[in-house]
Amino acid sequence: EDGSYDVTITFELQNVGNRSGAEISQCYIHDCDSTFYRPHHELKAFTKVLLKPNEVKRIVLSLSKDAFAFWDDGVHNWIVEPGDFEVQIGSSSRDIHLKHTISFAEGQEGSNEARQSYTPTEISPYIDSASFQAMTNNRIPQDRIHSNQKLNENSPLGKSKNNIICRLFINLIVKTMLSEIENPRKVDESFSREVVENLPWRGIVIFSRGWLTFPVLTLLLHMMNGNWLQVIWRTPYTFVHYLCHIFFFRFFKNNV
């Protein structure tokens, strides 16, 4: 109806398996013509459905103005921009089965205040420091960690990223993270690198699944800190310890 944002969504859901089960059907909204940055999948409705083998049920979901609106700081109210909206039905935001586009001829354009508080659509989801400060109107506190401080297990990798050993670790971890992502984008690499550079060194040991030990980490930290006497003194012990660790690690991994 003109001037109405009430939408009724109807679809059929079938259990094609040979056992009874449950499915949570989820409805997402995507504003195709938004002049502001909005998520590609906004969850607006869902329902849990119990189905017997081969059973088919008719599902009805209702959406109101709230499903299409966003908060405008300038007018202090929820508004809906005119244009196309894509209705998506799926099991999750990564598993969309049905899509349908609806259009609203009437709506309200966002205010200038809203444009300052929302990221424009042309800006990447990865926000740099300058853009974040402009959005929030707040200055990002400066890092108070002095570069001349010695590295320890709690130091973030990014603090020593100019060191060749640290760069090797960062690149290896980022490469491993990206290998778990299907069709990684440049923004995924930038985000992964930010995460890794803020990870403490002890986290590398914890997430290495047994391939890196704390004695080896201690030796590496002494190398990066330039404590060569400690490196010479600890190397034989660390080497023997690591060989024993790898032997028992592989033995229990293959036999337990």
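Preceding this section is the structure that the text describes.
Residues numbered from 1 in each chain as written. Predicted model: local features only at pLDDT ≥ 70, side-chain atom pairs only at ≥ 80, totals over all residues. Heavy atoms only, no water.

(A) Layout of the pairing of strand β1 (residues 7-14). With burial as the criterion, only one face of β1 is covered, namely that bearing V7, I9, F11 and L13; the residues T8, T10, E12 and Q14 on the opposite face remain uncovered. When β1 meets strand β4 (residues 56-63), the two strands line up antiparallel, connected through eight bridges. Within β4, the position partnered with T8 by the bridge is S62. (Buried < 20%, exposed > 50% of the residue type's maximum accessible area, 1.4 Å probe, protein only. Helix = DSSP H or I, 4+ residues; strand = E, 2+ residues; numbered from the N terminus. Pairing = 2+ DSSP bridges.)

(B) Seen up close, unusual backbone geometry. The phi dihedral of N54 is positive, around 65°, even though this residue is not glycine. Along the chain, the position of N54 falls in the loop between β3 (42-51) and β4. With a phi angle near 55°, H76 is a residue other than glycine that sits in the positive phi range. Within the secondary structure layout, H76 lies in the loop between β5 (70-72) and β6 (77-79). Exposure remark for H76: the relative accessible area of 60% places this residue in the exposed category.

(C) Structural view of the side chain of D72. In this fold, D72 is placed in strand β5. D72 gets classed as buried once you look at its relative accessible area, which sits at 0%. Within the structure, the side chain of D72 is placed 3.4 Å from the backbone nitrogen of V75, a separation counted as a polar contact. A polar contact of 2.5 Å, which involves the side chain of D72, links it to the side chain of S111. Residues within four places of D72 in sequence aside, it is in contact with N77, I79, E109, G110, S111 and A114. (Polar contact = N/O pair within 3.5 Å; in protein donor to acceptor, adjacent residues only side chain to side chain. Contact = heavy atoms within 4.5 Å.)

(D) Here's a closer look at the environment of L151. The residue L151 is located in the loop between α2 (129-136) and α3 (164-179) in this model. Here the alpha-carbon distance between L151 and H222, two residues 71 residues apart in the chain, equals 8.3 Å.

(E) Spotlight on the nonpolar core. Within the largest apolar cluster, 22 residues are counted, with the highest numbers of intra-cluster contacts made by I9, C27, L63, F68 and F104. Counting residues per element, the ones that place at least two in this core are β1, β2 (21-31), β3, β4, β7 (83-92) and β8 (95-104). In terms of residues, this core owes the most to one element, β1, which gives four residues. Filtering out sequence-adjacent residues up to four positions away, I9 remains in contact with C27, I59, V60, L61, L63, V87 and I89. Counting residues in each nonpolar core, the second largest holds 19 residues, with I170, V174, L178 and I204 among its members. (Core = buried A, V, L, I, M, F, W, Y, C linked by side-chain atoms within 4.5 Å.)

(F) Broad picture of the sheet that holds β3. As summarised here, the arrangement of the four strands in space is β3-β2-β7-β8, forming an open sheet in which the pairing is antiparallel. The two strands at the open ends of the sheet, each matched to only one other strand, are β3 and β8. Taken pair by pair, the neighbouring strands of this sheet meet at an average axis angle of 20°, ignoring direction. As paired strands, β2 and β7 are joined by six bridges and run antiparallel to one another. Directly across from Y28, in β7, lies its bridge partner Q88. (Axes fitted to C-alpha atoms, helices over the stretch in contact; angles between N-to-C directions.)

(G) View of the packing of aromatic side chains. Counted according to the given criterion, the structure contains seven aromatic pairs. Ring geometry for F68 versus F104: centroids 5.0 Å apart, planes at 80°, classification edge-to-face. Note that F68 is positioned in the loop between β4 and β5 and F104 in strand β8, a separation of 36 residues in sequence. You can call F68 buried: its relative accessible area is 0%. Note on F104: relative accessible area 11%, which makes it buried. Seen in terms of ring centroids, F85 and F104 are 5.5 Å apart; in terms of plane orientation they differ by 55°. Their pairing is tilted. Of this pair, F85 sits in strand β7 while F104 sits in strand β8, and the two are 19 residues apart along the sequence. Note on F85: relative accessible area 0%, which makes it buried. Clustering of aromatic rings is evident, with ring pairs tying together Y5, F68, F85 and F104. (Phe/Tyr/Trp six-rings, centres within 6.5 Å; stacked < 30°, edge-to-face > 60°.)

Purely spatial values, then, with no claim about function.
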